[in-house]
Amino acid sequence: MRIIVCAKQVPDTNEIKINPETGTLMRDGVPSILNPDDANALEMALEIKDKNPENVEVIIISMGPPQAKEMLEECIAMGADEGILISDRAVGGSDTWATSNAIAAAVRKLGGCDLMIAGRQAIDGDTAQVGPQTAEKMGLPQITYVKEYKFSDDMKKVEVKRALEDGYQIIEADLPCMLTAIKELNEPRYMTVGGILRACDPKVKISVWGAADIGVDLNTVGLKASPTNVFRSFTPKPKGKGVFIDGDTPKEKSQNLAQSLKAKHII
Amino acid sequence: MNFNPTKEQEMVRKMVRQFAETEIKPIAADIDEKAEYPYETMEKAAQLGLMGMPFPKKYGGSETDYITYVTAIEELSRVCGSHGVILQTHCALCTWPILTYGTEEQKNKYLPDLCTGEKLGAFGLTEPNAGTDASAQETTAVDMGDHWLLNGSKIFISGGGIADIYVIMAMTDKSKGNKGITSFIVEKGTPGFYVPKHENKMGIRASIASELVFEDCKIPKENMLGKLGKGFKTAMTSLDVGRLGIAAQALGIAQGAFDETVEYMKNRKQFGRSLDKFQALAFEMANMYNQIEMARLLLYKAADKRSQGLPSTVEAAQAKLACSETAMYVTTKAVQFHGGYGYIKDYPIERMMRDAKITEIYEGTSEVMKMVISGSIFK
């Protein structure tokens, strides 16, 4: 069984800077991490591998600048078998549509898979689009916001519990399919000493693929091919501080609330 | 000469730091207060592969270099000195001597479980009347033909009662002094082996130190470790490895206290400005920063020598002396800079200061380190 996990290297802080000209993120000087939801996706893949280590292969795939290789090494140190990084100036600045074109092309080049798992969304862009878009382009069924999962005995179907704002959905899908993981799905594991040694072993390769390697149409990737244009990025002004309504009893509190609303001519 | 960490060293540091910050930091104050051995987190540490790092893959280890190994101890100790010393005692004082002096049978029997952390190791040299003068061993082992008969007691034994495998020094021929000492592998649960008392310590309270008593304790013949009369050498060479671990523990404690103090100084305001804006304090922090870095360089140099298989007794003593003195200096200042908050148990600083002191005492006091170093100068 081949599982492909999509991962993104993201800045480890909310204080990211934005390029005022292009409206894209400036990554220099900001510490980078494996996107938290993607760690849940990897954990799910590794749990499946734990149950059947001989027959499950976990490949982690990412698109980003060359330094994203470090994140893939950490994924291997956690237990992934192989890493693939799509890194090329031609794909730089891609929006979610263009990114999913490149990832779908890379997965096709790998010869497909039995299961794809992505994190729900990345903490930098917060779009939650790349996973579902990749599924669309690969013609795979997709189930987002996976909180629990159960495979059929023959591993041909998966039943998942999907967490929504107002409840849960239980959905079954045939494999291959795309699942997106949420934080509540599991507790991602740490790297291990053995895993780190494997990640540092020159025999364990992280392949870096360019646009030509994945055979993607250059008109469908990169900044210029991206239909999303960032109009403006800005840090919203913080709202004023809230006011606590005091009072010894609920009645007194509601009276105080009514008084202050009246004072502001709201009621 | 290359001062850059390898990718392996960097990744191990990151991994152990994540583990220590997430799993150990939240419990460190509690296990200190209750003097409770951290079974759960040590089991997790074993799952991460921390218990057999510098040992051969053949016996279940990972074959990391010694800088990687001390980095792991340093990072554990950065949040909890007890965890650091548990790891180091297990590796340096039990696994290492069995690997180095054991027969192939002994190695196959004990090392795989020690390297995976399935079993915990300990070491018994110190006695009520044999501290720094370790050759004054009163525990005796008598050859009874088909077994050895062990009698006597040990004190301050790290992991006593918790550990499963003990490397124990005993006198087999009093007339020969140092050369009459032999080491043995003693398993927990051997009839006649008791652990009557855990010590109530000032620091590293979650690393249990105990008294061990042997009363007509029968040790199988095949459990003699190394040659007859070579136990003192086994102990001294194990302590050379141990001193790297204690130096790493001390360094970690110093770094932990320093990092806490940096954060505190940025946030604590007095006279209308944060503490880092007071030059007297900031300059002292510069000194502390330097001391830590100097100690670290001595430690990594000693660890690198051991990785290369070069003699490193003096370097290990230098590293231990420098790191433990740095730990005392930095933690004492850290408490001072925290003011009243440094003295109460709501902050980790007072624990770090208590934990630091032992590093100047065990596995050879600072005075012994100076004997080793000065001995190499005036040989």
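Residues numbered from 1 in each chain as written. Chains lettered and ligands numbered in written order. Predicted model: local features only at pLDDT ≥ 70, side-chain atom pairs only at ≥ 80, totals over all residues.

Trainee: Help me out: how do you make sense of the overall build of chain A in this one?
Mentor: Each helix and strand in chain A was counted, giving seven helices and 13 strands. Overall, chain A is about 70 × 50 × 40 Å in size when its C-alpha atoms are taken along their principal axes. Burial statistics for chain A: of 267 residues in total, 38% are counted as buried. Contacts in chain A between residues far apart in sequence, at least 24 positions, make up 69% of those at least 6 positions apart. (Helix = DSSP H or I, 4+ residues; strand = E, 2+ residues; numbered from the N terminus. Buried ≥ 20, exposed ≤ 12 C-beta atoms within 10 Å, placed from the backbone. Contact = placed C-beta atoms within 7 Å.)

Trainee: When you look at the packing of helix α4 (residues 81–101) of chain B against helix α6 (residues 231–267) of chain B in this model, what are you seeing that I'm missing?
Mentor: The relative placement of two packed helices comes down to the angle between their axes together with the axis-to-axis distance. All names here are of chain B. Taken N-terminus to C-terminus, the directions of α4 and α6 make an angle of 160 degrees; their axes are 9 Å apart at the nearest point. In terms of axis orientation, α4 runs roughly antiparallel to α6. When you trace α4 past α6, the crossing you get is right-handed. Contacts between α4 and α6 involve G81, G84, V85, Q88, C91, A92, L93, W96, P97 and Y101 on the former and, on the latter, T234, S238, V241, G242, G245, I246, A248, Q249, G252 and I253. (Axes fitted to C-alpha atoms, helices over the stretch in contact; angles between N-to-C directions. Parallel < 35°, antiparallel > 145°, perpendicular 65-115°, else oblique. Left-handed = near helix turned anticlockwise from the far one by under 90°.)

Trainee: It is not clear to me how the pairing of strand β8 (residues 115–119) of chain A should be interpreted in this structure. Could you clarify?
Mentor: All names here are of chain A. For β8, a buried count of five out of five residues is recorded, marking the element as mostly surrounded by other parts of the structure. Of the two faces of β8, the one carrying L115, I117 and G119 and the one carrying M116 and A118 are both buried. Examined bridge by bridge, strand β1 (residues 2–6) and β8 share four bridges and lie parallel to one another. Counterpart to C6 in the pairing with β8 is A118. In this sheet, strand β12 (residues 177–181) lies alongside β8 in parallel orientation, the contact comprising five bridges. If you follow L115 over to β12, its bridge partner there is C177. (Pairing = 2+ DSSP bridges.)

Trainee: In this structure, what is going on with unusual backbone geometry? I would like to understand it.
Mentor: A negative phi angle characterises most non-glycine residues, just as the trans form characterises most peptide bonds. The omega torsion across L175(A) and P176(A) is -5 degrees, close enough to zero to call that bond cis. As for its placement among the helices and strands, P176(A) is situated in the loop between β11 (167–174) and β12. Despite not being glycine, M155(A) shows a phi value in the positive range, around 60 degrees. Structurally, the position occupied by M155(A) is in the loop between β9 (142–151) and β10 (157–164). Residue M155(A) is classed as partly exposed on the basis of its 15 C-beta neighbours within 10 Å. The backbone of D216(B) shows a phi angle near 45 degrees, a positive value even though the residue is not glycine. Turning to its location among the elements, D216(B) is positioned in strand β7 (residues 209–220).

Trainee: Could you clarify how one ought to interpret the domain arrangement of chain B in this entry?
Mentor: Reports often express the size of an interface as the amount of accessible area lost when the parts come together. Residues and elements named next belong to chain B. In terms of domains, chain B is made up of domain 1 (7–116), domain 2 (121–232) and domain 3 (237–377). Distance from the C-alpha centre of domain 2 to the C-alpha centre of domain 3: 31 Å. Facing five residues of domain 2, the contacting portion of domain 3 comprises seven residues. Looking at the side of domain 2 that touches domain 3 residue by residue, the class counts come to three nonpolar, two polar and no charged. (Domains from an automatic or database assignment. Nonpolar A, V, L, I, M, F, W, Y, C, P; charged D, E, K, R; others polar.)

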